[in-house]
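Inside the fold
Spelled out, the chains give:
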Amino acid sequence: MASNMSTRKKRVSKKTKTSWRKNTDVADVTEFLEAKRTKEIRGVKKNEEVFTIDTEARKIKDIDLFLSRKERARSKPLKCFTAMINESAVSDPVIKRNTVTKPGEGKGVSNIIKKQMSLKRLKKEAQSLNDSKKYSAKKASANIKTHAVQDVWDENYGKVTLPIDEQWLNPKTLVHTIEHFEKKIGKKSTFSRKKNSVLPAVDAPHPGESYNPTLEDHQDLLQQVADHEMKLIKQEKHIERVTTKMFCKKKDMPTEESKMKEMAEGLPIPGEEVVDEEMSDSEYKALNPPVLNKKKTLKKRKNLKKVKDEQMQRFNAKMEKKKVADIYRLKKLDEEMAAEKVVMDQNKEQKIKILKEKELQPKKMSNFNFVAPELDFNLPKDIRGTVRQVKTEGNILADRFKSMQKRNVIETRVRQKKIRPKMKPKRFVKASHKTNVK
């Protein structure tokens, strides 16, 4: 009876998840799963691959029974390298691996061989340095001879004549070929090739600015000048309208009486009876009365849920119907996509056009905006048939200055006026002029 009591399992509660996990023995399941995982990783082998039938008797020399325990342990691989052994059933993707050993890094290389190799390397470097000095000296002497013979006034002076056509050569190949012809070619810096603006350095003037223009060109020039003046007049009128004309004149300004009358608007006039139409102070009524937190009943919640489910069903049915309808709208969808593509192409062209126009405009390089110079023109009465009698207009220096600002060579500048504070004289009374009045 005592033995039965000792082998009897203890009854424990498994009411909660924590107690169920704590009091349930899952060791056998864990061992089974671990064995299954190991089998999947290493792969399943057949009996023929694992076991072999020994048909020959083992020789005594193959048996390591005569070896000591330490010698047997040394012959086995170390346990620290067991993690590097590939036990997977998956084959190696890289079958052949080439290992390159540099000279002097092998296992069997002694210190003497290393020293010999280092001496050879030093001798080779010294020889190459000596050869380079000889080559540079020979090249310098050759250049001196050739320059002495050449004629500096010749048209082909400094040019390299190659035995092949240059237009079929790559730029790098051309540089390499010229260097081997003992002619160095200098590379231009990227900064010198970069242009700040696409505008030309000197703009062609308007044909109407000529000393002897045609009637049409001169009239066109005058029309442009008139349009520019009208634009300036319009801007001045706008500034005057939004500043000066916004305020009333002195005669129309409010007086003290009008101000008092306006401030006393709505106040009770003395001598008149005031009728109090509002409620008395004893009666109080809130504008926003409090709302009771009345909870919904179970029936009302069920009805709301039912209504919500019906709405969801109608929405899903509507979407399914729309999908079916879209199948028959494929032709129309293609037309809409084609129309959208046309609009996108137009927007792209417009964007490219705007970018091209922006390239012609000066960049913002300072706090001041670029102001285009006014057109130079002569009135019809000032036009003469000869250059000597023509009235000169404009300034070449100012024109070049504006051109450099327009081409982003220099930033937009405005002449600043220095305002110096006026020094107020210090006034004091002389000691001889002071009067001590008590």
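One structure accompanies this document, and this report is about it. (Residues numbered from 1 in each chain as written. Predicted model: local features only at pLDDT ≥ 70, side-chain atom pairs only at ≥ 80, totals over all residues. Heavy atoms only, no water.)

Observations regarding helix H13 (residues 396-406)
One side-chain oxygen of the residue at the start of H13 lies 3.3 Å from the amide nitrogen of Leu397, identifying that residue as Asn395. Note on H13: the residue one or two positions beyond its end, Asn408, has a positive phi of about 60°. (Polar contact = N/O pair within 3.5 Å; in protein donor to acceptor, adjacent residues only side chain to side chain. Helix = DSSP H or I, 4+ residues; strand = E, 2+ residues; numbered from the N terminus.)

A closer look at unusual backbone geometry
One non-glycine residue with positive phi stands out, namely Asn408, at about 60°. Assignment of secondary structure puts Asn408 in the segment after H13.

Topic: the packing of aromatic side chains
According to the stated counting rule, one finds 0 aromatic pairs in the structure shown. Seen from the ring of Trp20, Lys14 lies directly overhead, with NZ or CZ sitting 5.0 Å from the centre. (Phe/Tyr/Trp six-rings, centres within 6.5 Å; stacked < 30°, edge-to-face > 60°. Lys NZ or Arg CZ within 6 Å of the ring centre and 35° of its normal.)

Concerning the side chain of Asn408
For Asn408, a relative accessible area of 7% corresponds to the buried category. From its side chain, Asn408 meets the backbone nitrogen of Lys363 in a polar contact 2.9 Å long. Residues within four places of Asn408 in sequence aside, it is in contact with Asn196, Ser197, Pro362, Lys363 and Met365. (Buried < 20%, exposed > 50% of the residue type's maximum accessible area, 1.4 Å probe, protein only. Contact = heavy atoms within 4.5 Å.)

Description of the side chain of Asn378
Within the secondary structure, Asn378 sits in the loop between helix H12 (330-359) and H13. Polar contacts involving the side chain of Asn378 include one to the main-chain carbonyl oxygen of Lys391, which spans 3.2 Å. Among residues more than four places away in sequence, those in contact with Asn378 are His218, Leu222, Ile383, Val390, Lys391 and Glu393.

Overview of a negative patch on the surface
Taken together, Glu209, Glu229, Glu236, Glu240, Glu374, Asp376 and Glu393 make up a surface patch of like negative charges. Position of Asp376 among the secondary structure elements: in the loop between H12 and H13. (Patch = residues over 30% accessible without salt bridge, like charges linked within 9 Å, V, L, I, M, F, W, Y side chains within 5 Å. Areas by Shrake-Rupley, 256 points an atom, 1.4 Å probe, with all protein chains shown as cover. Salt bridge = Lys/Arg side-chain N within 4 Å of Asp/Glu carboxyl O. Lys, Arg positive; Asp, Glu negative; His and termini not counted. Charge placed at Lys NZ, Arg CZ, Asp CG, Glu CD.)

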